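The primary structure of each chain is shown beneath.
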Amino acid sequence: MKAIRRLTVRPVLPDPLRPLSDLARNLRWSWHPETRDLFQSVDPECWTASGRDPVRLLGTVPPARLAELAEDRRFRRRLTAVADDLDHYMTGDRWYQAQPGRLPAAVAYFSPEFGITAALPQYSGGLGILAGDHLKAASDLGVPLIGVGLLYRHGYFRQSLSRDGWQQEHYPVLDPHELPLAPLKEADGTPAHVALALPGGRELRARIWLAQVGRVPLLLLDSDVEENDPGERGVTDRLYGGGSEHRLLQEMLLGIGGVRAVRTYCRLTGHAAPEVFHTNEGHAGFLGLERIAELCDRGMEFGPALEAVRAGTVFTTHTPVPAGIDRFDRELVARHFGPDTELPRIDVERVLRLGMETYPGGEPNLFNMAVMGLRLAQRANGVSLLHGGVSRGMFAGLWPGFDAEEVPITSVTNGVHAPTWVAPEVFRLGARQIGVQRAEDALTVGGSDRWDSVADIPDQDIWELRRTLRAQLVEEVRERLRASWRQRGAGTAELGWIDDALDPDVLTIGFARRVPSYKRLTLMLRDRERLTELLLHPERPIQIVVAGKAHPADDGGKRLVQELVRFADDPRVRHRIVFLPDYGMAMAQKLYPGCDIWLNNPLRPLEACGTSGMKAALNGCLNLSVLDGWWDEWYQPDFGWAIPTADGAGTDPDRRDAIEANALYDLLEQRITPRFYERGASGLPDRWLEMVRRTLSLLGPKVLAGRMVREYVERLYAPAAEAHRAMDPDSARGLAEWKARVRAAWPGVSVDHVETSAATASAELGTTLALRVRVRLGDLAPEDVEVQAVSGRVDSEDRITDAAKVPLKPVGGPDLEGRWAYEGPLALDRTGPFGYTVRVLPAHRLLASGVETGLVAVPSGDLVEAAGLLMR
C-alpha cells in the first residue's frame with residue numbers, strides 16, 4: 001500500500017552522543033576524514049547503505065547500537081576529540097584573520113548551484129562544483145563568506161540507460177528534512193521566509209534553509225511551501241528546467257530573494273552584513289537591483305544608488321560563448337518589474353537598460369543576464385587566463401572605442417578543493433613525508449610555488465600508490481557497471497564478463513564531464529579500428545572509463561552518449577572501455593585518483609576553465625588535453641601532453657575533428673603508452689613516475705581552490721570593499737552627477753593637434769621624444785579627464801600591440817580657441833616598427849579604471865594620417 005503522507009522521524013540520541021548531531025549537520029565531514037571515519041565506526045553496514053551520509057546514517061542506526069556506543073568509553077573519547085576539533089576549526093583564527101589591512105567584514109556569494117557533497121545533490125556540473133569548492137576553501141581560509149542559492153526539490157536529474165543506450169532521466173523528490181539542512185527560524189520559532197511580488201497581485205514565497213559548510217553558512221531558498229499556489233511552488237522544482245518565465249522566476253528569486261535572505265540571516269544571527277556581493281555567473285544578477293531598491297528606500301536617487309551598488313559588486317563569467325548566457329525577451333522582463341510587481345519604486349525602463357543588448361552586434365530586444373551582471377559590477381573576471389581574453393572579446397561591444405585587451409574583465413583561474421578531491425591514500429603518503437599539519441596546510445592554504453618534499457618520496461611508493469588507486473577504481477567500475485546493466489534489463493547470466501572488466505595493471509584513461517557538443521565526447525571514436533587496436537594492443541593496451549550527462553533537452557548530446565555506449569557494448573572491447581551512467585561527486589571521487597591519464601578534448605577556446613583535470617592532477621594523474629582553459633595557461637611537457645588544435649578559420653568542423661582525433665591517436669600510440677609500459681633498471685616506469693612527481697610538485701600548488709580564493713580576496717574582494725566604503729551617499733551622488741555631466745559633454749571632447757620632437761620617421765632605441773598635444777574639452781575641465789600617450793610596436797595594419805600608456809600633463813590654461821595643451825615624454829623602448837597615438841579618457845578618483853565609462857576621444861583620421869609612424 002502507498003502512504004498518503006511522508007514524515008521524517010529523527011532519532012533521539014543518548015546525551016553522550018549528542019555531538020554526533022552537530023557533526024552530521026556541518027558539511028565539513030564531507031572533506032574531513034576523521035569525522036567520516038567516526039561515522040563509519042558507528043555502524044559500517046548502515047554507513048555504506050546510507051551512501052556515506054551522516055544524516056541518513058543516524059536515521060537508520062538501531063537504538064540498541066546507539067545505546068551501546070553511549071557506554072563505549074573509547075568511542076566517546078573519539079567523539080569528544082572530533083567535536084573539539086570542529087569547535088577549534090569554527091572559532092580559531094585562520095589565514096584571513098592574519099592578513100593586514102581592513103578586509104571585508106563579510107562577502108555574499110551567489111550561485112545557481114552548489115556541489116558540496118553527493119548527500120546534497122544541488123549541482124549539475126562544473127559551475128556548481130566550483131561554487132562548492134569556493135565555499136569550502138573560504139571556510140578553510142577563514143573568509144567570512146555567506147553562500148546563497150536555491151533548493152531544488154528534484155535536484156538535477158539522475159541518469160540511467162535504456163537497453164539500446166539511450167539516456168533516461170529520473171527526478172527523485174528530495175525531502176529537506178532528510179538532507180543536511182536546518183530551517184532558518186525567526187525569534188518566535190516560525191520558519192523564516194522571503195517573498196517576491198508577481199504580476200496580477202500574486203506572491204512568490206520561499207522558505208530559507210541553512211546548510212553549514214564548515215565556517216560558511218549556505219542559504220538555500222525553497223518555493224515549495226503551502227502558502228504558494230501550485231505554479232509558484234514549482235519555481236524551485238529542478239535545476240535548469242522549465243521555459244523562459246520559469247527560469248526568470250528562478251533568477252529573480254535567487255538574486256532579489258537571495259539578498260532578502262542574507263538580510264534576514266544577518267538580522268537573526270548577528271552575522272556581519274556583507275560589504276561585497278559576488279555573483280557567480282549571470283543567474284543571480286538581479287541581486288544588484290534589489291540592493292539599489294534598498295538604497296532608494298533610504299532616500300537615495302537611482303543614479304547614486306547604482307554607483308554605490310557597483311562599487312561593492314564582483315561578477316564572474318564562466319561562459320565563452322553567447323549561447324551559454326541566459327537571455328529573456330524584453331516584454332517578459334518588463335512584465336515582472338514595475339508599479340504592480342517587484343521593485344515598484346524603480347522605473348522599469350531603468351531595469352531594462354541594465355540588461356538590454358544596446359551595442360553593436362547585440363539584439364536590442366533581448367535582456368542579457370551577463371550584460372546586466374557587467375553593468376552592475378565594478379569588477380569582473382573570467383575563470384582562466386585564456387577565458388579572460390575570450391570574455392574581453394565577447395563583451396567588447398559594451399566598451400566601444402577600446403581594444404578588446406582593455407575591456408575591464410580580468411581573470412582568476414579556477415582551483416579545486418584538495419581535501420575534497422585528493423584520495424586519502426595520496427594524503428597519507430604526503431603526511432608521512434612532512435607531517436599531518438603541514439600536509440593539511442599545503443592543501444588548504446597553499447602559498448608555496450613548489451611542493452619540493454614530493455621529490456623525497458621513493459619511486460616504489462608512488463608506483464604502489466598508483467596501482468592501489470587503479471585497483472580501487474576497477475572494483476568501483478565493476479560494481480557500477482553491474483548495477484547499470486541490471487537497470488538496462490540484463491539478467492545475472494549475461495553479466496559474467498563484468499568480473500574481468502578493466503585490469504588494475506593497464507594504462508587507464510578517464511573522460512567524465514557534461515555532454516554538450518563542444519566537449520566532443522565521441523572524438524575518441526573517430527577511427528574506431530584504430531581505437532580498438534589501442535584498447536586490445538597485446539603489449540601496451542589502454543582502458544577507458546567514460547561518464548557524463550547530456551542536458552535533458554539536448555537530443556544531440558543524448559545521441560553522443562548512445563554512440564559511445566553502443567561502442568562500449570561491443571563484446572570485443574567492453575572489458576576495455578566502459579560508460580558509467582549517473583556521473584556525480586561520489587563517482588568522481590573514485591574516478592580522478594584511479595586514472596593514469598585524464599583526457600579532455602573540447603573545441604578550443606570553448607572550455608572556460610575545465611577543472612576536472614586539476615582534480616586528477618592532485619592525485620598524480622597526467623593530463624592529455626587540448627590547450628584550452630587552465631591547461632593552456634599551465635601546460636608543460638613535464639605535466640602531460642597537449643593535443644594539437646586545428647582551429648584555423650578555414651578548417652571546417654569535420655576536418656578539424658579528423659585532424660585532432662588523429663593527433664590524439666598518435667600521442668597515445670607513439671608517446672604515452674610506450675612511456676607507461678617502459679621499465680627502467682629498477683623495474684619501474686622511471687620516466688612516467690618522473691612526470692607524476694613533477695605534476696604533484698609543480699602543478700599541485702597552482703590548482704588549489706585555496707590559491708583561487710586568496711586571489712579573489714586580494715585582487716577583487718578587498719578593492720571592492722574599499723570602494724564600497726568610499727561610496728558614502730555624498731560620494732555616490734557626486735559620482736553619479738559627474739558621470740551624467742561627462743556623458744553630456746563628451747561630444748565636445750576632441751584631440752586637435754599632435755606633434756613630437758622627431759625630425760625623421762626613424763630613431764634609435766632609448767631615445768625619448770617630447771610629445772605635445774592640444775585637446776578640446778568642451779564643458780569639461782582638465783581635472784575631469786586624463787590625456788594619455790599610447791605607444792608600442794605596431795603590426796602590418798599599424799595597430800599598436802602590447803601598448804604602454806603614459807599620462808600627459810596639462811601646460812597652462814586654454815588658448816584663445818579653448819584648447820588645452822598637454823605635454824610629456826615618449827620613450828622609444830622597443831625596436832622595430834613602433835607607433836603611438838593619444839587619447840582622452842574620463843578621470844575620477846572613484847573609477848576602477850579610465851575604461852570604466854566606455855568613453856574615449858582619439859585623433860581624427862586626418863590627424864592620424866598627418867602624424868604617421870615614428871619608426872619603421
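Treat the numbers as computed from the prediction; the structure is a model and nothing was measured.

Visitor: Would you explain the overall build of the protein chain in this entry?
Guide: If you tally the helices and strands in the protein chain, you get 29 helices and 27 strands. On C-alpha atoms alone, the protein chain measures out to a radius of gyration of 29 Å, which is about the 29 Å that the 2.2 N^0.38 rule sets for 872 residues. In terms of overall dimensions, the protein chain has C-alpha extents of about 95 × 70 × 50 Å along its principal axes. Within the protein chain, the proportion of its 872 residues that are buried is 57%. Put simply, 73% of the contacts in the protein chain that link residues at least 6 apart link residues at least 24 apart. Of the roughly 35,400 Å² that the protein chain leaves accessible, carbon and sulfur atoms contribute 49%. A distance of 3 Å separates the average location of the 104 positive side-chain charges in the protein chain from that of its 119 negative side-chain charges.

Visitor: What exactly am I supposed to notice about the sheet that holds strand 27 (residues 834-842) here?
Guide: One key point about sheets: their strands pair by backbone hydrogen bonds, in either a parallel or an antiparallel sense. Overall, antiparallel pairing links the 3 strands, which are arranged 24-23-27 in an open sheet. Pairing within the sheet leaves two strands with one partner each, and these edge strands are strand 24 (800-807) and strand 27. Taken over all neighbouring pairs, the strand axes of this sheet differ in orientation by 30° on average, direction set aside. In this structure, strand 23 (residues 785-794) lies alongside strand 27, joined through 9 bridges in antiparallel fashion. Bridged to serine 791 within strand 27 is tyrosine 836.

Visitor: Please explain a positive patch on the surface as it appears in this structure.
Guide: Taken together, the side chains of Arg73, Arg74, Arg77 and Arg78 make up a positively charged region of the molecular surface. The exposure class of arginine 77 is exposed, given its relative accessible area of 57%.

Visitor: I keep staring at the packing of helix 10 (residues 287-297) against helix 11 (residues 302-311) and nothing clicks. Help me out?
Guide: For any two helices packed against each other, one specifies the crossing angle of their axes together with the interaxial distance. Running from amino to carboxyl end, helix 10 crosses helix 11 at an angle of 130°, the nearest separation of the two axes being 9 Å. With respect to each other, helix 10 and helix 11 are oriented oblique. In the crossing of helix 10 with helix 11, the sense of the turn from one axis to the other is right-handed. For the pair formed by helix 10 and helix 11, the contact residues are Gly288, Arg291, Ile292, Leu295 and Cys296 on the first element and Phe302, Ala305, Leu306, Ala308 and Val309 on the second. Among the residues forming the contact of helix 10 with helix 11, the class breakdown is 8 nonpolar, 1 polar and 1 charged.

Visitor: Before we go on, may I ask you to explain the packing of helix 17 (residues 424-434) against helix 19 (residues 459-487) in this structure?
Guide: Between helix 17 and helix 19, the shortest axis-to-axis distance is 10 Å and the interhelical angle comes to 160°. With respect to helix 19, the axis of helix 17 lies roughly antiparallel. For helix 17 against helix 19, the interelement crossing comes out right-handed. When helix 17 is examined against helix 19, the residues Glu425, Val426, Leu429 and Arg432 are found in contact with a partner set consisting of Asp461, Leu465, Leu469 and Gln472. Split into classes, the residues belonging to the contact of helix 17 with helix 19 amount to 4 nonpolar, 1 polar and 3 charged.

Visitor: Sorry if this is basic, but what is going on with the layout of surface pockets here?
Guide: To find leftover empty space, a probe the size of one water molecule is rolled over the atoms. The computed volume of the second largest pocket comes to approximately 1,100 Å³. If you trace the second largest pocket, you find 39 residues lining it, with Arg310, Arg375, Arg743, Glu852 and Thr853 closest to the centre. Every element with two or more residues in the lining of the second largest pocket is listed here: helix 11, helix 13 (348-355), helix 14 (369-375), strand 13 (379-382) and helix 28 (729-745). Residues of the lining of the second largest pocket, tallied by class, amount to 20 nonpolar, 8 polar and 11 charged.

Visitor: Help me understand the pairing of strand 3 (residues 158-161) in this model?
Guide: Successive residues of a regular strand alternate their side chains across the two faces of the sheet. Of the strand pairs in this sheet, strand 3 and strand 4 (residues 167-170) are connected by 4 bridges, and their pairing is antiparallel. Following the sheet pairing, arginine 158 is matched in strand 4 by histidine 170. Between the antiparallel neighbours strand 3 and strand 4 lie 5 residues, among them glycine 165 with a positive phi of about 90°.

Visitor: Sorry if this is basic, but what is going on with helix 7 (residues 126-141) here?
Guide: Given 3.6 residues per helical turn, the α-helix brings residues three or four places apart onto the same face. Between the first and last C-alpha of helix 7 there are 22 Å, a value that for 16 residues agrees with the 22 Å anticipated at 1.5 Å per step. Within helix 7, 15 of the 16 residues are buried, leaving the element largely enclosed by the surrounding structure.

Visitor: For this particular structure, what's the right way to read the environment of asparagine 365?
Guide: With respect to the helices and strands, asparagine 365 occurs in the loop between helix 13 and strand 12 (366-368). Each C-alpha atom of the pair asparagine 365 and phenylalanine 328 lies 8.7 Å from the other, and the pair is 37 residues apart in sequence. Those residues in contact with asparagine 365 that sit more than four places away from it in its chain are Phe328, Asp329, Arg330, Glu331 and Met356.

About the thresholds
Residues numbered from 1 in each chain as written. Predicted model: local features only at pLDDT ≥ 70, side-chain atom pairs only at ≥ 80, totals over all residues. Heavy atoms only, no water. Helix = DSSP H or I, 4+ residues; strand = E, 2+ residues; numbered from the N terminus. Rg over C-alpha atoms; globule rule 2.2 N^0.38 Å. Buried < 20%, exposed > 50% of the residue type's maximum accessible area, 1.4 Å probe, protein only. Contact = heavy atoms within 4.5 Å. Areas by Shrake-Rupley, 256 points an atom, 1.4 Å probe, with all protein chains shown as cover. Lys, Arg positive; Asp, Glu negative; His and termini not counted. Charge placed at Lys NZ, Arg CZ, Asp CG, Glu CD. Pairing = 2+ DSSP bridges. Axes fitted to C-alpha atoms, helices over the stretch in contact; angles between N-to-C directions. Patch = residues over 30% accessible without salt bridge, like charges linked within 9 Å, V, L, I, M, F, W, Y side chains within 5 Å. Salt bridge = Lys/Arg side-chain N within 4 Å of Asp/Glu carboxyl O. Parallel < 35°, antiparallel > 145°, perpendicular 65-115°, else oblique. Left-handed = near helix turned anticlockwise from the far one by under 90°. Nonpolar A, V, L, I, M, F, W, Y, C, P; charged D, E, K, R; others polar. 1 Å grid on protein atoms, 1.4 Å probe; cavity = no way out; pocket = protein on both sides within 12 Å on 5 of 7 lines; lining within 4 Å. Points joined across faces, edges and corners; volume = space filled by probe spheres on them. Expected span 1.5 Å × (residues − 1).

Interpretation note: all reported values are geometric properties and have no functional meaning in isolation.
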